[in-house]
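Remarks on the overall topology
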Amino acid sequence: MTDRYFNLVEEEWLPVTFLDGSVRELSLREVFRDAENIRSISSELGTMDGAILRLLLAIVYCAYREFDDEDVVEVFDFESWEDAWEDPALMYSTVEEYLDRTRDRFWLFDADSPFMQVADLETKSGKTDSIAKIIAEIPDGEPFMVMRSGEGAESVSLAEAARWLVHCQGYDTSGIKSGALGDPRVKGGKGYPIGTGWAGQLGLIWVEAENLHQTILRNLVPVDYFADLQLEYPNPAGDLAPWERTPDTSQQRGPAGAEQAPLNGIVELLTWQSRRVRLFREDDRVHSVLLAQGDKILPQHKQDFETMSTWRYSKPQSTKFKTDVYMPRMYDPSVAMWRGLESVLVGTSPKYVGRNKTEVPRYLPSAIVKWNAHLVWQHFVSEKEIVPLRGVGYEYGPQSSSYAELFDDRVLLPASLLSSTSMRRLIIDTLSSTQDVVTHISYFASNLLKATSISSSPDQATMARDKEKQITFFILDELFRRWLVSVGSNEKEARQRWADQLRNVVRQREEELSRSVNEAAYLGNESMSLGKAQIFLRIAVSKTLRNYEGDETDEQ
């Protein structure tokens, strides 16, 4: 890189959808200026939307900081948040001044400090990879069964390259990378695995508001509320974005030989440099990339610092570290987001016996959800508002060295569920009872298999149950989402409506499955028949739904 080219503060590279439905690419400056009129970030992938949002959040945190003799004297606090909520122009002016000061660190190409890259990154062989190496739409550079081809697979525009660069730092796969000169971890010219990008290790979750300005603020926890939300800030003065600190080198930041790079705070996490990257261009196209290992980060105990993920208790990790350990709760692409609401909402996690036989929560909600619960309690957000929670992530392949499947889902829920104890309990009871009913239907399916064949194996029965669960949850998916947004304040009526929906689905599946069996099932055998299976199903479902409808509680 010998010249400065394509400044991200001024050049258009961020795809957004405006409130009127139009779509444009904007610069960083324009995104903050027009945030009130923008509905959402609308990039190639949901994971890229999340990575870009994290970049915008980091910029706001940085813009509100002031230093005095290397100590932080001003931070983004609740007063700053409240002022920005009431007058968006205040936040834009603060961010604009910051971008003016740091503009020279946002060049995509620069001889000394290219954005999120290392200017002199090189390998002993001098080889580079195709730009496809960092494009998640082309798994590990293989264009099989993807829409991108021709020039779009061989090179990309500068704007798109910038987006994939940000995405790569957050979501790059694990596996062997190029061995960068100067990196003491390199062996035999190879950079050995250190894990995926940091965002790729999370079950990333955020609130989508009515415009981008509100989305930013709904996902931006004021620093003076960190303690209230069980967050820590290890070193505010050292918590610098990549464009604020001395440019990274090919080596990992921190002491030589350290297992992971030092963590100073929220800004570093939002912009964690998991890779050392160098982009190569010809005119206005980027055709190749050098991709090496960057700063390693381990997921254990990060719930005290990371705001945008839910967390799960890990028994194996707790045994290993001899203390209670929580890990990010990543998404299963086969399970809709609403089915995991017990891990998302505040105060809804089941208990688990942890170390020393003490009870601990199985799940911890994200700080973002807790922050939005506070906004409802403080009436910044109406209890009647419908809150879209978005979750994105990857299921990686073996050794996390490839992208297997993308998870991108939204669940729309009344804001009252964030703040009302009884309404949250209603949701948990509903999820539990729904799971029980689906299990009853799945056993009906395996019982029919048993009725038609005395030689059916346990594996066949398990396959029949698993298949039926997939079918039934598919049927319930849209029904539950509609019920959730219309749950209202009358708990008894809401329970009745959902119980009726479940009864209808049970009848539907019972009829369809019963019609699918052969005559042998009607006669059955010593262990099972169609009639017995129907009786067992109806008794089990009736008991579950009686308990569900009878659990009437008063608002607390």
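Just so it is clear, the structure is predicted and the values come from calculations on it, not from any experiment. (Residues numbered from 1 in each chain as written. Predicted model: local features only at pLDDT ≥ 70, side-chain atom pairs only at ≥ 80, totals over all residues. Heavy atoms only, no water.)

Notes on unusual backbone geometry
How we decide: A simple rule labels every residue: compare its accessible area, found with a 1.4 Å probe on the protein chains alone, to the largest value its type can have, and call it buried under 20%, exposed over 50%, or partly exposed in between.
Residues other than glycine seldom take positive phi values, yet M116 does so here, at roughly 55 degrees. M116 gets classed as buried once you look at its relative accessible area, which sits at 8%. Phi at H301 is positive, roughly 65 degrees, even though this residue is not glycine.

Here's the deal with the confidence of the model for the protein
Defined as follows: What pLDDT expresses is the predictor's confidence in each residue, scored from 0 to 100. Every residue pair with non-hydrogen atoms within 4.5 Å of one another is taken to be in contact.
Overall, the predicted model of the protein reaches an average pLDDT of 93, with 95% of residues at or above 70. Segment residues 551-556: pLDDT under 50, and 15 contacts once partners within four positions in sequence are set aside and those in other chains are kept.

Quick notes on the pattern of salt bridges
Here is the rule: Salt bridge, as applied in this entry: a Lys or Arg side-chain nitrogen positioned within 4 Å of an Asp or Glu carboxyl oxygen. Starting at the N terminus, helices and strands are each numbered in turn, a helix being any DSSP run of H or I of at least four residues and a strand any DSSP run of E of at least two.
Overall, the coordinates contain 38 salt bridges when judged by the stated rule. Between R33 and D34 there is a salt bridge; the shortest N-O distance is 3.0 Å. Its relative accessible area of 13% is what places D34 among the buried residues. Of the charged contacts, one joins R65 and E244 as a salt bridge, the two residues approaching to 2.5 Å between their closest N and O atoms. In this pair, R65 is assigned in the loop between α2 (46-63) and β5 (66-68) and E244 in the loop between α7 (212-218) and α8 (266-270), connecting sequence segments 179 residues apart. The class of R65 is buried, set by a relative accessible area of 7%. Residue classification places E244 among the partly exposed residues on the basis of a relative accessible area of 24%. Overlapping salt bridges bring together R4, E10, R29, E96, D100, R103, D104 and D110 as one network.

A short note on a nonpolar patch on the surface
Using the following cut-off: In this scheme, patches are assembled from residues that exceed 30% relative accessible area and form no salt bridge. Like charges are connected within 9 Å, while nonpolar side chains (Val, Leu, Ile, Met, Phe, Trp, Tyr) are connected within 5 Å. Per-residue and other accessible areas follow the Shrake-Rupley method at a 1.4 Å probe size, with only the shown protein chains counted as cover for residues.
Taken together, I386, L412 and V485 make up a surface patch of nonpolar side chains, about 200 Å² in accessible area. Relative to the helices and strands, V485 is located in helix α14 (residues 458-485).

Remarks on the packing of aromatic side chains
Note the threshold: By convention, a stacked pair of Phe, Tyr or Trp rings (six-membered ring in the case of Trp) has centres within 6.5 Å and planes under 30 degrees apart, an edge-to-face pair has planes over 60 apart, and any other such pair is tilted.
Scanning all chains against the criterion turns up 26 aromatic pairs. Here F115 and W243 contribute two aromatic rings whose centre-to-centre distance is 5.8 Å and whose plane-to-plane angle is 25 degrees, an arrangement assigned as stacked. Remark: W243 occurs in the loop between α7 and α8 and F115 occurs in the loop between β7 (107-109) and β8 (129-130); sequence separation between them is 128 residues. Considered together, F115 and W243 belong to a single accessibility category, that of buried residues.

Examining the environment of L513
Mapped onto the fold, L513 is located in helix α15 (residues 491-516). For the pair L513 and A445, spaced 68 residues apart in sequence, the C-alpha to C-alpha distance is 7.0 Å. Apart from the residues lying within four places of it in its own chain, the contact partners of L513 are F444, A445, L448 and E468.

Topic: a negative patch on the surface
Heads up, the rule is: Only four residue types enter the charge count, namely Lys and Arg as positive and Asp and Glu as negative; His and the chain termini do not. A charged residue contributes its charge at one atom only: NZ of Lys, CZ of Arg, CG of Asp or CD of Glu.
Residues E36, E66, E74, E79, D83, E86 and D87 make up a contiguous surface patch of negative charge. Along the chain, the position of E66 falls in strand β5. Residue classification places E66 among the partly exposed residues on the basis of a relative accessible area of 46%.

Concerning the sheet that holds strand β15 (residues 311-313)
Adjacent strands of a sheet form backbone hydrogen bonds with each other and so pair up, either parallel or antiparallel. Definition in use: Two strands form a pair only when DSSP identifies at least two bridges running between them.
The 3 strands are arranged β16-β15-β19 in an open sheet whose pairing can be described as antiparallel. Only two strands of the sheet have a single neighbouring strand rather than two, namely β16 (326-328) and β19 (363-364). With 2 bridges connecting them, β15 and β19 associate as antiparallel partners. The residue of β19 that forms the bridge with W311 is L364.

Remarks on the sheet that holds strand β12 (residues 204-207)
Definition in use: Angles run from 0 to 180 degrees between N-to-C directions of axes, and those axes are lines fitted to C-alpha atoms, restricted for helices to the stretch in contact.
Strand order in the open sheet made by the 3 strands is β12-β20-β21, with antiparallel pairing throughout. What marks the edges here is a single partner per strand, and that holds for β12 and β21 (403-414). Across the sheet, the mean angle from the axis of one strand to that of its neighbour is 15 degrees, orientation sign disregarded. Lying over the sheet, α14 contacts β20 (386-396) and β21, oriented at roughly 35 degrees with respect to β21.

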